[in-house]
Amino acid sequence: MNVTAIPEATVRTRVRVPLRLGDRYSVDSELVTFHGLADGREHLAVVLGDPDAGDAPLVRLHSECLTGDVFGSARCDCGPQLREAVERIANRGGYLLYLRQEGRGIGLYNKLDPYALQDQGYDTYEANAALGFPEDGRDYTAAAQMLAALGVGSVDLLSNNPDKAAQLRELGVVICEGVPTGVHATPHNLRYLRAKVEHTQHTIALKSLSELAG
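Let us look at the structure shown here. Per-chain numbering applies: the sequence of each chain, read as written, is numbered from 1 onward. Thresholds applied to this predicted model are a pLDDT of at least 70 for local features of residues and 80 or more for the giving and counting of side-chain atom pairs; totals over whole chains, interfaces and linings are not thresholded and use all residues. Based on all heavy atoms of the structure, the side-chain values leave hydrogens and waters out of the count.

1. Brief notes about the overall build of the protein chain
Here's step 1: We count a stretch as a helix when DSSP gives it H or I for four or more residues in a row; a strand needs E for two or more, and each element gets its number in order from the N terminus. Within the protein chain, the secondary structure is distributed over eight helices and seven strands.
Here's step 2: Burial classes follow relative accessibility: with a 1.4 Å probe on protein chains only, a residue under 20% of its type's maximum area counts as buried, one over 50% as exposed, and anything between as partly exposed. Sorting the 214 residues of the protein chain into buried and exposed places 48% on the buried side.
Here's step 3: The Shrake-Rupley method, run with a 1.4 Å probe, gives the accessible areas here. Residue values count only the displayed protein chains as cover. Carbon and sulfur atoms make up 50% of the accessible area of the protein chain, which totals about 10,600 Å².

Here it is in structure tokens:
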């Protein structure tokens, strides 16, 4: 495989922050900011547990979702995935890369506009396309830069999204193991999760979704 060269990024600051999540789960963390990220955005690495405890740290690339992460929107599974990732990474040791890629890269306002079309029967990808947006506009160059700046070359990747693994490999990151996230299905996000499987081949157990539906 040809590896894409990436510009160097450097660590800007490190600060200890105790986390207290909405369900009262608490864990100590270190937040890391960076200079020189390719897209100029303020992405954040959250160091949890002891990343050097195993052969490869557990890493999650989590795209910012204000509606799910902060307000608990049931239309997606982002909030539960974030909560799951924090605890699993803290237990194993690794990094949560919190990426400022709202709406799969199109921004908050543009993410909310397709919701009206989804209410008319479009799935999340069809609604984006109908309004002229890409199905998924995310680029993970900055994530690879962050890992390199942290001295991480090999990871166990916590994700159901094959595009994340593919892009990281092209950017020179070794994926030792793919670790699936849980299935956080509800009656409100069932069509959203099914669209992930059908459009972008997310590895989500459809049996679990079918059981929830009926």
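2. Overview of the pairing of strand E6 (residues 154-158)
Here's step 1: A large share of E6 lies buried, amounting to four of its five residues.
Here's step 2: The sheet contact formed by strand E4 (residues 58-63) and E6 spans two bridges and is parallel. The residue bridging Val59 from the neighbouring strand is Leu157, located in E6.
Here's step 3: Sheet topology note: the E6/strand E7 (residues 174-179) ladder contains five bridges and is parallel. Opposite Asp156, over in E7, you have Glu177 as the bridge partner. DSSP bridges decide pairing: two strands pair if at least two such bridges lie between them.

3. Examining the pattern of salt bridges
Here's step 1: By convention in these notes, a salt bridge is any Lys or Arg side-chain nitrogen within 4 Å of a carboxyl oxygen on Asp or Glu. Applying the stated criterion to the full structure yields nine salt bridges.
Here's step 2: Residues Glu87 and Arg83 are paired through a salt bridge, measuring 2.9 Å at the closest nitrogen-oxygen approach. Taken together, the residues span about one helical turn, with Glu87 and Arg83 both in helix H2 (residues 78-92) at a distance of four residues.

4. So, the sheet that holds strand E2 (residues 26-35)
Remark on secondary structure: sheet strands pair via backbone hydrogen bonds, oriented parallel or antiparallel.
Here's step 1: Sheet architecture is open: seven strands sit in the order E1-E2-E3-E5-E4-E6-E7, paired in mixed fashion. Two strands close off the open sheet at either side, each with one partner strand: strand E1 (10-20) and E7. The sheet shows a mean angle of 30° between the axes of neighbouring strands, direction not considered.
Here's step 2: Note on definitions: a residue-residue contact is assigned when non-hydrogen atoms from the two residues lie within 4.5 Å. Whenever a helix is involved, its axis is fitted only over the stretch in contact; in every case the axis is a line through C-alpha atoms, and angles between N-to-C directions fall within 0 to 180 degrees. With respect to the sheet, helix H5 (residues 141-149) is in contact with E1, E2, strand E3 (44-48), E4, strand E5 (94-99) and E6, its orientation differing from that of E5 by roughly 145°.

5. Focus on the side chain of Arg138
Here's step 1: Residue position: Arg138 is located in the loop between helix H4 (124-130) and H5.
Here's step 2: As used in this structure description, the phrase polar contact means that two N or O atoms lie within 3.5 Å; if the pair is within protein, one of them must be able to donate a hydrogen and the other to accept it, and residues adjacent in sequence are counted only when both atoms belong to side chains. Polar side-chain contacts of Arg138 include one of 3.0 Å to the side chain of Ser63.
Here's step 3: Apart from the residues within four sequence positions on either side, Arg138 is in contact with Ser63, Gln101, Arg104, Gly105, Asn161, Lys164 and Gln167.

6. Regarding H2
Here's step 1: Here H2 contains 15 residues, and its C-alpha end-to-end distance of 21 Å stays within 8% of the 21 Å for a straight helix at 1.5 Å per residue.
Here's step 2: Within the sequence span of H2, burial applies to Cys78, Gly79, Gln81, Leu82, Glu84, Ala85, Val86, Ile89 and Ala90.
Here's step 3: Once H2 ends, the next one or two residues include Gly93, with phi positive near 95°. Under the convention used throughout, the expected extent of a helix is 1.5 Å for every residue step, that is, one less than its residue count.

7. Focus on unusual backbone geometry
Here's step 1: Of note in this structure, Arg24 is not a glycine but carries a positive phi near 80°.
Here's step 2: Note on Arg24: relative accessible area 78%, which makes it exposed.
Here's step 3: Even without being glycine, Arg104 reaches a positive phi, approximately 55°.
Here's step 4: By secondary structure assignment, the location of Arg104 is in the loop between E5 and helix H3 (108-119).

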